[in-house]
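# Per-entry structural report
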Amino acid sequence: AELGTLTTHFDNLGSRGRVIFVSGEAGIGKTRVVEQLARYAQESGGRVIRGGCFFEHDMGPYMPFLDAIGSLIGEGRNSLTVEERETLCRALCEQAPELAELAKDQSTTAKFRAGFAAAFGTEDNPKAARQRLCEAIFDLLAGAAAMRPLVLVLEDVHWADSASWKLALAAH
């Protein structure tokens, strides 16, 4: 029943995104259901990207989102076409020009995260930096979703930093 609900949401995405939280006790099959949705999405022409949260690592704000974006822009199973990459890189240039070379370079997720953190850490106004970062994340995800349906899986969100939680809830 849960998988049916998730696939129905995926099938009805249209031009409007959705945020769905899959939660429950340990061992009840959350990961299995999400993996089945990911397979369904890919078989249906969608793209699946992932980011994770870790209990023992203070990775900084927004890192699960930055992991996912790094896997989207970097090489791998979710490889973008040349046109898709150029479109997303243009969007990134507008929001965060200091990161354009990282995106064009097909950097690893770790390099992408480090570059993003460094670029926004140099801002004089932390509030403006957070706003610009959130806008850059939303714009990149929206741009990728406009190209083809996108499933963003954020694992172990209960370990997320407060900024990532706020961003996830803002998307909701």
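Procedures and definitions
The written sequence of each chain sets the order in which its residues are numbered from 1. Given that this is a predicted model, residues contribute local features only at a pLDDT of at least 70 and side-chain atom pairs are listed and counted only at 80 or more, while totals for whole chains, interfaces and linings are drawn from all residues. Only hydrogens and water are removed before side-chain values are computed, so all heavy atoms of the structure are retained for them. Working definition of a nonpolar core: buried Ala, Val, Leu, Ile, Met, Phe, Trp, Tyr and Cys residues. They are joined through side-chain atoms within 4.5 Å. Burial classes: relative accessible area under 20% of the type maximum marks a residue as buried, over 50% as exposed, and values in between as partly exposed (1.4 Å probe, protein chains only). Here a strand is any run of E in DSSP of at least two residues, a helix any run of H or I of at least four, and the numbering for each starts at the N terminus. The aromatic pairing rule takes the rings of Phe, Tyr and Trp, using the six-membered ring of Trp, and pairs them if the centres are within 6.5 Å, calling planes under 30 degrees apart stacked, those over 60 edge-to-face and the rest tilted. Simply put, an axis is a line fit to the C-alpha atoms, just over the touching stretch for a helix, and the angle between two N-to-C directions goes from 0 to 180 degrees. Should the near helix be turned anticlockwise from the far one by less than a right angle, the crossing is termed left-handed; should it be turned clockwise, right-handed. Contact definition: two residues touch when any of their heavy atoms are within 4.5 Å. In the scheme used here, Gly and all other residues not listed as nonpolar or charged are polar, with Ala, Val, Leu, Ile, Met, Phe, Trp, Tyr, Cys and Pro taken as nonpolar and Asp, Glu, Lys and Arg as charged. Any Lys or Arg side-chain nitrogen found within 4 Å of a carboxyl oxygen on Asp or Glu counts as a salt bridge.

### Points about the nonpolar core
- Of all hydrophobic cores here, the largest spans 23 residues; its most connected members are Tyr 62, Ile 137 and Leu 141.
- At the level of elements, helix 3 (63-73), helix 4 (82-95), helix 7 (126-147) and helix 8 (162-171) are the ones that each hand at least two residues to this core.
- At seven residues, helix 3 tops the list of elements feeding residues into this core.
- If you look at the next biggest cluster of nonpolar residues, it comprises eleven residues, including Phe 10, Val 34, Leu 37 and Val 151.

### Comments concerning unusual backbone geometry
- Despite not being glycine, Asp 156 shows a phi value in the positive range, around 50 degrees.
- Along the chain, the position of Asp 156 falls in the loop between strand 2 (150-155) and helix 8.
- According to the relative accessible area criterion, Asp 156 is partly exposed, its value standing at 38%.

### Things to note about the packing of aromatic side chains
- Here the structure, examined in full by the defined rule, presents two aromatic pairs.
- Aromatic pair Phe 10 and Tyr 40: ring centres 6.0 Å apart, planes at 80 degrees, arrangement edge-to-face. Taken together, the residues Phe 10 in helix 1 (residues 2-11) and Tyr 40 in helix 2 (residues 30-43) connect sequence positions 30 residues apart.
- On the accessibility criterion, Tyr 40 (27% relative accessible area) is partly exposed.
- Between Phe 21 and Trp 165, the aromatic rings sit 6.1 Å apart at their centres with planes inclined by 20 degrees, giving stacked as the arrangement. One end of the pair, Phe 21, is in the loop between helix 1 and helix 2; the other, Trp 165, is in helix 8, with 144 residues separating them in the sequence.
- Phe 21 sits in the partly exposed class, given a relative accessible area of 38%.
- A residue is classified by how much of its surface remains accessible, and Trp 165, at 31% relative accessible area, is partly exposed.

### Concerning the packing of helix 1 against helix 2
- Contact pair helix 1 / helix 2: the axes reach a minimum separation of 10 Å and the direction vectors enclose 35 degrees. In this structure, the crossing between helix 1 and helix 2 has a hand that is right-handed. On helix 2, the residues touching Glu 2, Leu 3, Leu 6, Thr 7, Phe 10 and Asp 11 of helix 1 are Val 33, Gln 36, Leu 37, Tyr 40 and Ala 41.
- Tallied by class, residues from the contact of helix 1 with helix 2 come to seven nonpolar, two polar and two charged.

### Structural notes on the pattern of salt bridges
- Scanning the model with the defined rule gives three salt bridges in all.
- A salt bridge links Glu 84 to Arg 47; the nearest nitrogen and oxygen atoms lie 3.0 Å apart. Of this pair, Glu 84 sits in helix 4 while Arg 47 sits in strand 1 (residues 47-52); the two residues are 37 residues apart in sequence, bridging distant segments of the chain. Across the pair, Arg 47 and Glu 84 agree in class, each one buried.
- Ionic contacts of the salt-bridge type, sharing partners, join the residues Glu 35, Arg 50 and Glu 155 into one network.

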